Amino acid sequence: MTIFSVYIINKAGSLIYHYDSPNVSRPAVEKTFSYPLELVLKVFDEKVVVAFGERDGIKVGHAVLGINGVPAEGRCLKDKRDILEVLATESNYPINIKFGRPHLTTNERIMLASMLHSLFAIGSQLSPEPHASGIQSLETDTFKLHCHQTMTGVKFVIIADPKQANVDVILKKLYEVYSDFALKNPFYSLDMPIRAELFDTNLQAVLEQADKPGIINS
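The rules behind the values
- Residues numbered from 1 in each chain as written.
- Predicted model: local features only at pLDDT ≥ 70, side-chain atom pairs only at ≥ 80, totals over all residues.
- Heavy atoms only, no water.
- Pairing = 2+ DSSP bridges.
- Helix = DSSP H or I, 4+ residues; strand = E, 2+ residues; numbered from the N terminus.
- Axes fitted to C-alpha atoms, helices over the stretch in contact; angles between N-to-C directions.
- Contact = heavy atoms within 4.5 Å.
- Core = buried A, V, L, I, M, F, W, Y, C linked by side-chain atoms within 4.5 Å.
- Buried < 20%, exposed > 50% of the residue type's maximum accessible area, 1.4 Å probe, protein only.

A.B. asks: How do you make sense of the sheet that holds strand S11 (residues 144-149) when you look at a structure like this?
C.D. replies: One key point about sheets: their strands pair by backbone hydrogen bonds, in either a parallel or an antiparallel sense. Pairing is antiparallel in the open sheet, where 5 strands are placed in the order S2-S1-S12-S11-S10. Each end of this open sheet is capped by a strand with a single partner; those strands are strand S2 (15-20) and strand S10 (137-139). With direction set aside, neighbouring strand axes in the sheet form an average angle of 10 degrees. Most of the contacts of helix H3 (residues 167-183) go to strand S12 (residues 155-160), to which it runs at about 135 degrees, and overall it touches strand S1 (3-9), S11 and S12. Contacts between helix H4 (residues 197-208) and the sheet are confined to S1 and S2, with S2 contributing the most and set at about 50 degrees to the helix.

Below, the structure is given as structure tokens:
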């Protein structure tokens, strides 16, 4: 599956659902360093990230994911040791550090959803034609963002590989899942976060079929 994630944003710009594909892995770089550490690290949003110095695939913005096999949990290791204190202690060297792109937190996802909602509105205002739609797609060299807004203002966003086919059809099928397993759920309140097992199951089933022929006619 080459669909990386799905976001559903309500008409007010709040994130009400997101899904990340479990089959998508983020590349990481693991390297053994001697003292002193030539990279400059800082704490940003409760993560220890590279602020200066790039080498061997380690980039500015990459976060410390683990030290000597112990996973990082925010600015501390899983064993509760402070990461910056560990790296500042000469007796801990040579030391093996794993770097990579950090996973988005819930707060970061909420902020990104709000930003996308605003960009969508700006896109419609920039159009020289009246009543134009907002941003429908954004493409980079590594992913393509697809957005479909319903008549009620709910936005369905898919982040996928640029070569992913039939995304328009997949977006419509996600809307069908939303209509059948969220809106028709008597326990669901409109525009609130979606927490329903049947919704999760059916959404994942649509995404699992994304690369298979016949999805258009299924």
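A.B. asks: Got a minute to help me understand the pairing of S2 in this structure?
C.D. replies: It is a general feature of regular strands that their side chains alternate between the two faces of the sheet. As judged from the 5 bridges shared by S1 and S2, these two strands associate in the antiparallel manner. By the bridge assignment for S2, Tyr 7 is matched with His 18.

A.B. asks: How should the side chain of Arg 109 be read in this particular structure?
C.D. replies: Structurally, Arg 109 can be placed in helix H2 (residues 106-126). Excluding its chain neighbours within four sequence positions, the residues that come into contact with Arg 109 are Tyr 7, Leu 15, His 18, Asp 20 and Leu 104.

A.B. asks: Teacher, can you tell me more about the nonpolar core here?
C.D. replies: One broad rule of soluble globular proteins: the nonpolar side chains tend to lie buried together. If you look at the biggest cluster of nonpolar residues, it comprises 25 residues, and the most contacted ones within it are Ile 158, Leu 174, Ile 194, Phe 199 and Leu 203. Listed by contribution, the elements that provide at least two residues to this core are S1, S2, S12, H3 and H4. If you tally residues by element for this core, the top one is H3, at 7 residues. Not counting chain neighbours up to four residues away, the residues in contact with Leu 174 comprise Val 6, Phe 156, Ile 158, Leu 203, Val 206 and Leu 207. Val 29, Phe 33, Ile 83 and Val 86 belong to the second largest nonpolar core, which has 18 residues in total.

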